[in-house]
Amino acid sequence: QPSGTQEHLFSLALTTSREGWVVGSRGTILHTSDGGSSWLNRSIAEDIILNRTFFISQKQGWIVGEFGVIYQTRDGGKKWIKQKSPIEVSFVSGESRNLFGLIFPDSKGGWAFGLDGVILKTQTGDQWGVINPNGSRAGRATTRHLFAAAHGDGKLWAVGERGTVIVSQIGKENWRPSEFKFPPISLNGIDFSPDGFGLVVGNRGAIFRTLNGGRQWQRIRVAPAAPGKGIAQVQ
């Protein structure tokens with residue numbers, strides 16, 4: 001389907017079966033109200049990479065991205081307002097404070113994740129605080145980059161570089177490493193269904209599956225079943 005842009009696109013959020021949002025490089029924000037048949041450009045006037053978007057309703061959503069920026073809409077994307085981010089830096093600073101992961105497990109409380117293991121939290125959707133700072137001092141949940149997040153079975157999960165997977169109970173801030181040891185590759189995505197089924201995907205074609213909400217994980221290797229016959233899962 002034609003998107004109307006040549007910019008790189010990094011994140012997709014659907015609010016209904018027909019309405020959705022896409023964000024990407026150079027402040028790109030695209031909106032569809034017809035199931036993707038057409039896309040309306042709602043981009044912001046900033047040359048900045050937008051890495052992730054998340055909506056809790058058709059009206060209310062957030063975007064995080066380069067330099068630690070956070071944007072919010074309360075009117076279905078007609079206006080995007082920059083929120084005060086506790087880690088935002090300017091382009092001229094030369095610092096890297098990118099945010100990659102974003103999730104709201106309930107109607108207000110949300111989390112953002114980024115470079116060097118930074119974790120931000122909001123309880124109201126308007127003000128953000130630092131839970132795990134950037135850097136390498138001891139006692140932090142992780143110092144590895146975090147790329148994606150999901151929730152399932154009463155827990156929050158975040159995944160990132162070198163096999164990093166951290167877990168916390170929803171409503172708490174007790175982030176800890178996953179008991180399952182993932183191989184030291186970049187883990188780029190995670191998601192769960194309500195019945196406890198979950199997937200983690202990463203570099204080199206890596207796919208990990210859980211059937212019980214993350215208590216155990218199993219690596220899945222995908223191989224062709226036969227030419228033109230789709231794929232088969234090989235454990």
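Residues numbered from 1 in each chain as written. Predicted model: local features only at pLDDT ≥ 70, side-chain atom pairs only at ≥ 80, totals over all residues. Heavy atoms only, no water.

Engineer: Explain the side chain of Thr53 to me, and be specific about the residues and the numbers.
Structural biologist: As for its placement among the helices and strands, Thr53 is situated in strand β5 (residues 50-55). A relative accessible area of 4% places Thr53 in the buried class. In terms of polar contacts, Thr53 uses its side chain to reach the backbone carbonyl oxygen of Trp62, at 3.0 Å. When near neighbours in sequence (up to four residues on either side) are disregarded, Thr53 contacts Ser11, Leu12, Ala13, Trp21, Val23, Trp62, Ile63 and Leu102. (Helix = DSSP H or I, 4+ residues; strand = E, 2+ residues; numbered from the N terminus. Buried < 20%, exposed > 50% of the residue type's maximum accessible area, 1.4 Å probe, protein only. Polar contact = N/O pair within 3.5 Å; in protein donor to acceptor, adjacent residues only side chain to side chain. Contact = heavy atoms within 4.5 Å.)

Engineer: I'd like a rundown of the sheet that holds strand β4 (residues 40-41), residues and numbers included.
Structural biologist: What the four strands build is an open sheet, ordered β1-β2-β3-β4; its pairing is antiparallel. Strands at the two margins of the open sheet, each flanked by one partner only, are β1 (9-14) and β4. Of the strand pairs in this sheet, strand β3 (residues 29-32) and β4 are connected by two bridges, and their pairing is antiparallel. For Leu30, the partnering residue across the bridge sits in β4 and is Asn41. (Pairing = 2+ DSSP bridges.)

Engineer: So, the pattern of salt bridges: which residues are in play, and what are the values?
Structural biologist: Evaluated as defined, the whole model comprises eight salt bridges. In this structure, the salt-bridge partner of Glu46 is Lys82, at a minimum N-O distance of 3.7 Å. With Glu46 in the loop between β4 and β5 and Lys82 in strand β8 (residues 81-82), the pair connects residues that are 36 residues apart, well separated along the chain. A residue is classified by how much of its surface remains accessible, and Lys82, at 37% relative accessible area, is partly exposed. For Glu173, the salt bridge is made with Lys121, and the minimal N-O distance between the two is 3.4 Å. In this pair, Glu173 is assigned in the loop between β15 (165-169) and β16 (176-177) and Lys121 in strand β11 (residues 119-122), connecting sequence segments 52 residues apart. You can call Lys121 buried: its relative accessible area is 14%. Here the residues in one salt-bridge network are Glu7, Arg26 and Asp47, joined through shared partners. (Salt bridge = Lys/Arg side-chain N within 4 Å of Asp/Glu carboxyl O.)

Engineer: If you had to explain the pairing of β5 to someone new, which residues and values would you point to?
Structural biologist: Relative to strand β6 (residues 61-65), β5 runs antiparallel, the two sharing five bridges. Pairing of Phe55 across the sheet is with Gly61, part of β6.

Engineer: Can you lay out the sheet that holds β16 for me, pointing to particular residues and giving the numbers?
Structural biologist: Taken in spatial order, the four strands of this open sheet run β13-β14-β15-β16, and their pairing is antiparallel. Looking at which strands have only one partner, the edges of the open sheet turn out to be β13 (146-152) and β16. The sheet contact formed by strand β14 (residues 155-160) and β15 spans five bridges and is antiparallel. Each residue of the ladder has a partner; that of Trp157, found in β15, is Val167.

Engineer: Tell me what's going on with a nonpolar patch on the surface, and back it up with residues and numbers.
Structural biologist: On the surface, Phe197, Leu199 and Leu211 cluster together into a nonpolar patch covering about 260 Å² of accessible area. Mapped onto the fold, Leu211 is located in the loop between β19 (207-210) and β20 (218-224). Judged by relative accessible area, which is 59%, Leu211 ranks as exposed. (Patch = residues over 30% accessible without salt bridge, like charges linked within 9 Å, V, L, I, M, F, W, Y side chains within 5 Å. Areas by Shrake-Rupley, 256 points an atom, 1.4 Å probe, with all protein chains shown as cover.)

Engineer: I'd love a proper account of the pairing of β3, names of residues and values included.
Structural biologist: The two faces of β3 match: Ile29 and His31 on one face and Leu30 and Thr32 on the other face are all buried. Pairing of strand β2 (residues 20-24) with β3 involves four bridges; the strand directions are antiparallel. When the bridges of β3 are listed, Val23 appears paired with Ile29. In textbook terms, the turn of a hairpin is the stretch between consecutive antiparallel strands, and for β2 and β3 this stretch comprises four residues, one of which, Arg26, has a positive phi near 55°.

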